[in-house]
Amino acid sequence: MIQHDAVVRLEIVDGFGIVTIDNPPVNAGSTPVRAGLLACLADVAQHDLRGVVLIGAGRSFVAGSDIREFGAPLAPPELPQVIAAIEDCPHPVCAAIHGAALGGGFELALGCDLRIAAPDAVVGLPEVTLGIVPGAGGTQRLPRLTGLAKAITLVCSGRRISAPEAHDLGLIDALAASSDPQALLTTAFRALQGAPHKRRLRDLPVPVADPDAVKTAEAQALRRGKGRPNVQEAVALVKLSAEMPTDTALARERAAFQSLRLQEEAFALRHLFFAERAATRFEGPTAQPAEIRRVGIVGGGTMGQGICRAVLAAGLPVTLVERDAQARDAAAAAITGALDRSVGKGHLSPDDAYARKAALAPSHSLSDLADCDLVIEAVFEDMKVKQDLFRVLDTMLKPGTLLATNTSYLDIDALAAVTSRAADVVGLHFFSPADMMKLLEVVRAEHSADRSLSTALAFAKTLGKQAVVARNADGFIGNRIYAAYRRHAEFLIEDGATPEEVDNAATDFGFAMGPLAVGDMSGLDIAWAMRKRQAATRDPAARYVDIPDRLCAAGRFGRKVGGGWYDYIDGQLHPSDDVAAIIAQARAAKAITPRHFSPDDIQMRLLGAILSEAAAVLADGVAQRAGDIDVTLVHGYGFPRWRGGPLWRASGEPPDRIARMCDAAAQASGAEGALGSVTDMLAPLRAERQEIEKRKSGHA
Ligand code: T1G
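Asks: Help me understand the environment of T407, please; the structure alone is not making it clear to me.
Replies: Along the polypeptide, T407 turns up in the loop between β15 (402-405) and α16 (412-416). Along the primary structure T407 and R261 are separated by 146 residues, whereas in three dimensions their C-alpha atoms are 40 Å apart. Not counting chain neighbours up to four residues away, the residues in contact with T407 comprise E377, E381, K386, I412, H429 and F476. Engagement of the side chain of T407 in a polar contact is seen with the backbone nitrogen of L410, the distance being 2.8 Å.

If you want it as structure tokens, here you go:
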């Protein structure tokens with residue numbers, strides 16, 4: 001056995017060279033890995049071998065190039081050099097894939113003559129999700145296997161492809177029986193024996209394309225990619241594969257990669273990549289999560305049904321309890337109906353739908369929850385209703401069952417306090433639709449045990465959710481900050497802006513939708529009911545805009561009734577004269593002379609509001625770290641992902657502009673300015689940016 005750089009080793013078995021990459025946790029293609037591979041390839045060239053197998057130790061093949069290296073000049077050898085060495089190797093090389101082969105890891109495999117994979121492996125080129133493009137041949141070798149149109153779709157979506165689908169697409173030559181290393185090696189040896197010669201993808205012609213199919217794929221890719229520069233570049237590069245000599249196109253691809261990885265957007269998306277992973281960790285001793293074998297859900301309304309669909313999709317059985325048989329049947333019918341519609345749209349196979357239906361146990365008796373390991377309540381958002389439920393569940397559930405509430409606003413400590421199992425109580429705050437929205441706020445209450453939190457986080461991962469740990473407080477992380485953002489949108493309206501101006505400024509900035517259109521979509525009556533509940537305790541000194549109350553008093557509850565901040569005609573949003581009149585009356589009542597706001601003025605005020613509230617959320621310890629707030633706003637509230645989140649974005653702004661944002665927000669609300677706490681909050685991110693600048697220039 002020959003060991004290189006401790007992260008790559010070569011063994012020769014039965015006349016085959018086995019090159020093992022061992023760089024835990026995910027065999028990221030770091031500089032030592034690349035150097036080790038190059039050294040091993042030089043070694044195997046000296047031996048008379050039947051073939052070479054590339055394989056990853058531990059849980060994965062190469063999960064990609066090392067993302068931490070992207071912000072600085074890349075040290076040699078670079079990945080294209082390693083892949084060229086594979087292509088120049090005198091022996092056929094087979095990539096034996098288990099776990100993930102993504103980005104540079106999949107490009108490494110595409111540089112091989114053969115690829116075999118474990119049935120549960122995933123492959124793909126997710127570079128666009130990091131603001132870059134494949135930089136080691138992905139845009140040139142992939143189309144030679146899939147054709148142009150499919151390659152455009154796969155590269156520009158960054159989609160992870162299951163091994164069976166990759167096999168169907170011709171990306172994988174054979175599937176192993178399992179991810180067991182021996183099973184992988186056996187399959188690889190067999191494949192090499194079956195094709196004992198070089199088969200370099202770069203030498204294959206790109207299949208002749210149907211121009212219409214390419215046009216369609218391109219249009220769809222740009223639409224879904226929101227026209228981001230790297231997606232445009234990715235489309236152009238894939239098309240180059242059919243137009244240019246391979247080496248020329250490879251050089252163009254590499255140059256694009258080298259340029260994009262040093263752009264602000266790529267830094268923002270790398271910040272998010274690592275922030276997303278950090279957000280799922282909580283300060284404190286990590287406890288072994290309990291196993292969740294069956295989930296109970298109480299309440300089959302919109303949220304209960306969405307949570308149920310998410311849990312069934314994760315392969316877990318569900319007991320869904322409603323108040324009576326009629327409500328039980330209605331909820332079950334809604335869920336099975338949704339599954340049938342997914343089959344109809346081709347999003348779900350009939351077998352999967354059948355399995356999920358079989359895993360659903362509708363009920364109208366709480367006692368049926370006795371064998372659940374986790375129970376999530378999603379009943380009406382009222383403290384008394386939820387406390388009464390928790391009291392009953394406390395008597396029924398087995399010891400150690402995790403008891404979770406889906407409340408958005410209520411005090412979880414007050415819920416836990418009515419039980420004898422406060423240590424087992426946490427918040428699981430899903431976002432609507434619960435099976436689609438990625439964000440899941442995992443809320444730690446005062447007495448939540450570490451084990452309850454670990455179990456909730458493991459459950460979130462099982463559901464494929466982006467978990468963020470929050471402390472129990474009014475509005476947790478997301479709703480609290482979003483409420484400030486929405487309040488300031490209303491301040492802008494009262495001060496002179498129109499709903500369209502506010503929403504257009506937000507969408508110009510990159511939000512999927514403006515705050516007022518979002519209000520209309522979720523229904524203005526929900527917030528109205530809450531404002532009425534809070535009226536008695538509202539701070540009389542705080543600025544209060546009554547325009548939304550006036551809209552609701554006029555029956556304008558939003559899209560569902562054809563009118564809110566906007567009129568909705570045939571589902572299309574239109575500025576409303578009635579609303580303009582209501583706004584004018586509200587201003588007149590306060591003798592407010594409307595003034596003009598530029599889009600930048602509006603963006604400054606809205607960002608100032610977000611930053612000021614975020615700083616309070618962090619200072620109050622509701623969020624553990626700044627990155628958690630970025631992850632929350634991006635995954636739950638439509639903040640543009642490519643900007644990295646509000647805090648990362650702000651850390652790139654000149655301090656005087658941040659000061660003007662905070663001042664503008666303070667003046668609008670009449671509250672004390674938050675510049676001090678905002679500056680403290682941004683300091684670590686500013687330091688990270690300074691470090692990046694140093695590294696970019698190679699001076700670190
Ligand atoms: N580089 C550096 N660190 C990485 C990494 C990577 N590519 N992938 C994962 N990690 C770290 C991660 O930060 C975490 O660290 C730990 O590994 C476990 O990850 C030239 C340019 C593979 C599916 O985009 O999707 O190649 O937090 O918690 O849930 O064209 O990690 O423990 O300190 O996510 O089991 C393309 C990214 C790069 C894949 C495993 N590759 N990784 O998921 O574990 S671009 C990717 C993932 C590229 C070339 C281009 C997932 C995973 P820590 P984890 P997991």
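Asks: Is there a simple way to explain the pairing of strand β4 (residues 51-56) in this structure?
Replies: Each regular strand displays side chains that alternate between the two surfaces of the sheet. Within β4, six of the six residues are buried, which leaves it mostly tucked inside the rest of the structure. Neither face of β4 is open: one carries G51, V53 and I55, the other V52, L54 and G56, and all of them are buried. Alignment of strand β3 (residues 16-21) against β4, held across six bridges, turns out to be parallel. Looking across to β4, one finds that G17 is bridged to V52. Alignment of β4 against strand β5 (residues 93-97), held across four bridges, turns out to be parallel. Bridging from a neighbouring strand, L54 pairs with A95 of β5. Handedness of the crossover joining β4 and β5 through helix α2 (residues 79-88) is recorded here as right-handed.

Asks: I would appreciate a short explanation of the pattern of salt bridges in the present structure.
Replies: As a working rule, side chains carrying opposite charge can pair if their charged atoms are close by. This structure, assessed with the given rule, holds 47 salt bridges. For E87, the salt bridge identified is with R141, shortest N-O distance 2.9 Å. Within this pair, whereas E87 is found in helix α2, its partner R141 is found in helix α4 (residues 138-146), the two being separated by 54 residues in sequence. By relative accessible area, which is 4% here, E87 ends up buried. The class for R141 is buried, based on a relative accessible area of 5%. Salt-bridge contacts for E377 lead to K386; the nearest nitrogen and oxygen are separated by 2.9 Å.

Asks: Is there a simple way to think about the sheet that holds strand β8 (residues 122-124) in this case?
Replies: Two pairing modes exist for strands in a sheet, parallel and antiparallel, and in both the strands are linked by backbone hydrogen bonds. Spatial strand order, β6-β8-β9: three strands in an open sheet with mixed pairing. In the strand order of this sheet, the two ends are held by β6 (100-102) and β9 (161-162), each with one partner.

Asks: How should I be thinking about the packing of helix α5 (residues 148-157) against helix α8 (residues 211-224) in this particular structure?
Replies: Interaxial distance between α5 and α8 falls to 8 Å at its minimum, and their mutual angle equals 10 degrees. By the angle between their directions, the pair α5 and α8 is classed as roughly parallel. Contacts from L148, A149, I152, T153 and C156 of α5 reach α8 at A213, V214, A217, E218, Q220 and A221. Across the contact of α5 with α8, the residue classes break down as eight nonpolar, two polar and one charged.

Asks: Help me understand the nonpolar core in this model?
Replies: Within soluble globular proteins, side chains that are nonpolar generally end up buried alongside one another. I477, V502, W565, I629, L647 and V678 are the most contacted members of the largest nonpolar core, which totals 89 residues. Element by element, the count of residues in this core is highest for helix α24 (residues 599-619), at nine residues. Residue contacts for I629: discarding those within four places in its chain leaves I477, I481, A614, V617, L618, A623 and L647. One finds C40, F61, I86 and V155 within the second-largest nonpolar core, a separate group that totals 88 residues.

Asks: Please clarify how the packing of aromatic side chains should be interpreted in this entry.
Replies: For any pair of aromatic rings, the description rests on two quantities: the centre-to-centre distance and the angle between the ring planes. Under the definition given, this model contains eleven aromatic pairs. Ring centres of Y482 and Y485 lie 5.0 Å apart, and the angle between their planes is 50 degrees; on these two criteria the pair is classed as tilted. Remark: Y485 and Y482 occur in helix α18 (residues 478-495); sequence separation between them is three residues, near one turn of the helix. Accessibility assignment for this pair places Y482 and Y485 in one class, buried. These aromatic residues form a ring-pair network of at least three members: F431, Y482, Y485, F509, F511, Y637 and F639. Note that R643 overlies the ring of F509, its terminal NZ or CZ placed 4.0 Å from the centroid. For the cation-ring pair, R689 lies above W648, with the distance from its terminal atom to the ring centre recorded as 4.1 Å.

Asks: Can you walk me through α8 in this structure?
Replies: Spacing of three or four residues puts side chains on the same side of an α-helix, whose turn is 3.6 residues. Taking 1.5 Å of rise per residue, the 14 residues of α8 would be expected to cover 20 Å, and the 20 Å separating its terminal C-alpha atoms lies within 8% of that figure. Those residues of α8 that sit buried are V214, A217 and A221. Seen along its axis, α8 keeps its buried residues to an arc of 65 degrees; they face one direction. Residues of α8 that are exposed and point over 90 degrees away from its buried face: P211, D212, K215, T216 and R223. Taking the backbone nitrogen of D212 as reference, a side-chain oxygen 2.8 Å away marks D210 as the first, capping residue of α8. Once α8 ends, the next one or two residues include K226, with phi positive near 50 degrees.

Asks: Teacher, can you tell me more about the site of the ligand here?
Replies: Close contacts around the ligand come from 28 residues, with R59, G104, E107, E127 and R277 the closest. Between E127 and the ligand, the recorded distance is 2.6 Å, taken from a side-chain N or O atom to an oxygen atom. For the ligand, an oxygen atom lies 3.0 Å from a polar atom in the side chain of R281. Mapped onto the shell around the ligand, the elements with two or more residues apiece are α3 (104-110) and α11 (264-278). The element that contributes the greatest number of residues to the shell around the ligand is α11, accounting for three residues.

About the cut-offs
- Residues numbered from 1 in each chain as written.
- Predicted model: local features only at pLDDT ≥ 70, side-chain atom pairs only at ≥ 80, totals over all residues.
- Heavy atoms only, no water.
- Helix = DSSP H or I, 4+ residues; strand = E, 2+ residues; numbered from the N terminus.
- Contact = heavy atoms within 4.5 Å.
- Polar contact = N/O pair within 3.5 Å; in protein donor to acceptor, adjacent residues only side chain to side chain.
- Buried < 20%, exposed > 50% of the residue type's maximum accessible area, 1.4 Å probe, protein only.
- Pairing = 2+ DSSP bridges.
- Right-handed = clockwise from strand over helix to strand, strands pointing away.
- Salt bridge = Lys/Arg side-chain N within 4 Å of Asp/Glu carboxyl O.
- Axes fitted to C-alpha atoms, helices over the stretch in contact; angles between N-to-C directions.
- Parallel < 35°, antiparallel > 145°, perpendicular 65-115°, else oblique.
- Nonpolar A, V, L, I, M, F, W, Y, C, P; charged D, E, K, R; others polar.
- Core = buried A, V, L, I, M, F, W, Y, C linked by side-chain atoms within 4.5 Å.
- Phe/Tyr/Trp six-rings, centres within 6.5 Å; stacked < 30°, edge-to-face > 60°.
- Lys NZ or Arg CZ within 6 Å of the ring centre and 35° of its normal.
- Expected span 1.5 Å × (residues − 1).
- Arc of directions from axis to C-beta.
- Near = heavy atom within 4 Å.

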